[in-house]
Structure formats: C-alpha cells, structure tokens
Amino acid sequence: MSHTPGVRQAQKQKTRQALLDAALALLEEQSLSSLGLREVTRAVGVAPTAFYRHFRSTADLGVALVEEALGSLHPMIRTTVTAADDSEERIARAVGLIARHVAEYPAHVRFIARERHGGVQPVREAIRGQLARFAHEVKAELAEDALAEGWSDDDLLMLAHLYVDQMLITASLFLEAPDSPAERDRVTRLATRQLRLISIGRRHWRE
C-alpha cells in the first residue's frame, strides 16, 4: 500500500496530460476563447468535474499549453541566434532547427501563433511573458559578444527582440507553407535572407 500515493500521482499526471493533449487537438479547428471544458473532458472520457482537479478554467489550461509549447525552447533560442559567429553555417543551422521544430510540433506552433493575439487575456500575457524572457536571455548572450561593445542596453534588447520575432516569423512561414520540397526550400531561402539582414544591421549599427 505504501506505493499507492505514487500511483495516484502518476494517474493524476496522466489525466492532466490527456486533457492538455485533447485541448491541443481541438484547438486545431478553433480558438481557445470558443473551447468548452466539456469538449475537452468528453474527448478524454472523464467527467467535467474532473477538469477542475487539474485546471481552474480553460484559460488556466491555455496557460499550461503556453508553458508546454514554449518553456522547453529557451536553450534552443539562445544557442541558435546569439553567438558572435553570424556565418552562413550558423544561420542555416538556426533555420534548420526551426523547420524541424515546426515539423515535430505543428499544433503547438499553431496554438502560439493564433493565441498570441487571441481573446484570452491570461494566455496572451503568458505568451508575452515567455517572449520577453526569451528576449532578455538573448540580450544577456549578446552582451558577452565583442560586437556589443558600446551598445546601450535598450539597443541590445531591441536587437534581441528582433531575433526572437524573426524566429516566430520563420516558424509561421514553415507552418503555413504547402508541404512540398520546393515550398520548404523557398521558405528556407527567405528565412535565411531575413536573418542575414539582421546580422548585417547588427555589425554596422553603431556606424
């Protein structure tokens, strides 16, 4: 019997994840503001009252989805856009990482793209908070670069936001592109040129 609490906790976590997964699937066809908790619980096969053991509301569930979608990306963003070597190889690697992430997690990317400006305020704020955290992390990395000598904090943060915004733009481009090698190549070329433009501006900004 000593292991029973652990078993219950594991089952609770399993149900919570099932609710998140069901909501994400339902959000492929609608916005969070129109999602009902009964839809989610029906998809999982649990009673509506069970929802409140895991989330206070659908907005609370949405905030958890934001964390699931963006929380694990902090190391990737820092390593792909902040090093001093803005070479073609690094830019290509960054674009490739974004493309692979979109291919692996399209529903998460679509959720963030839709809800970033959606009708559920706590979710908008959670996304904004995650993006601000990304920008400050990137700024801290940029500040260690010799190219940042003489830059103000405001300008470094502006540059960090440019990189973060560009990664979101690139992810959206891959998400919306038709599923064909030619279209993926087109998006790759465009995203590479856009990152290259930011890199050129970075090198010459103080001039």
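Residues numbered from 1 in each chain as written. Predicted model: local features only at pLDDT ≥ 70, side-chain atom pairs only at ≥ 80, totals over all residues. Heavy atoms only, no water.

1. Comments concerning the overall build of the protein
Consideration 1: Of the regular secondary structure elements, the protein holds 10 helices and zero strands.
Consideration 2: Its helices and strands taken in sequence order, the protein reads α-α-α-α-α-α-α-α-α-α from the N to the C terminus.
Consideration 3: Its C-alpha atoms give the protein principal-axis dimensions of about 65 × 40 × 35 Å.
Consideration 4: Residue burial in the protein is summarised as follows: out of 207 residues, 41% are buried.
Consideration 5: When contacts within the protein are restricted to residue pairs at least 6 apart in sequence, long-range pairs at least 24 apart make up 68% of them.
Consideration 6: Carbon and sulfur atoms provide 53% of the accessible area of the protein, an area that totals close to 11500 Å².
Consideration 7: Averaging the locations of the 27 positively and 28 negatively charged side chains of the protein gives two centres separated by 7 Å. (Helix = DSSP H or I, 4+ residues; strand = E, 2+ residues; numbered from the N terminus. Buried < 20%, exposed > 50% of the residue type's maximum accessible area, 1.4 Å probe, protein only. Contact = heavy atoms within 4.5 Å. Areas by Shrake-Rupley, 256 points an atom, 1.4 Å probe, with all protein chains shown as cover. Lys, Arg positive; Asp, Glu negative; His and termini not counted. Charge placed at Lys NZ, Arg CZ, Asp CG, Glu CD.)

2. Quick notes on the pattern of salt bridges
Consideration 1: Scanning all chains against the criterion turns up eight salt bridges.
Consideration 2: For D145, the salt bridge identified is with R202, shortest N-O distance 2.3 Å. On the criterion of sequence distance, the pair formed by D145 in the loop between α8 (121–143) and α9 (153–176) and R202 in helix α10 (residues 181–204) is long-range, its members being 57 residues apart. We note that D145, like R202, is buried. (Salt bridge = Lys/Arg side-chain N within 4 Å of Asp/Glu carboxyl O.)

3. Details of the environment of R184
Consideration 1: Take R184: it is sitting in helix α10.
Consideration 2: The sequence separation of R184 and L70 amounts to 114 residues, and the corresponding C-alpha distance is 23 Å.
Consideration 3: Not counting residues within four places of it along the chain, the set of residues in contact with R184 comprises F174 and D179.

4. Description of the side chain of E115
Consideration 1: Its location among the elements puts E115 in helix α7 (residues 106–115).
Consideration 2: For the buried E115, no salt bridge is present, and the opposite-charge side chain at shortest range is R114, 5.0 Å distant.
Consideration 3: A polar side-chain atom of E115 sits 2.9 Å from the main-chain amide nitrogen of L32.
Consideration 4: Setting aside residues no more than four positions away along its own chain, E115 makes contact with S31, L32, V123, R124 and I127. (Polar contact = N/O pair within 3.5 Å; in protein donor to acceptor, adjacent residues only side chain to side chain.)

5. Remarks on the packing of aromatic side chains
Consideration 1: If you walk through the whole model with that rule in mind, you get three aromatic pairs.
Consideration 2: The interplanar angle of 80° and the centroid separation of 5.6 Å between the aromatic rings of F51 and Y52 together place this pair among those described as edge-to-face.
Consideration 3: Centroid distance F51 to F55: 5.6 Å. Interplanar angle 45°. Geometry classified as tilted.
Consideration 4: The class of F51 is buried, set by a relative accessible area of 0%. (Phe/Tyr/Trp six-rings, centres within 6.5 Å; stacked < 30°, edge-to-face > 60°.)

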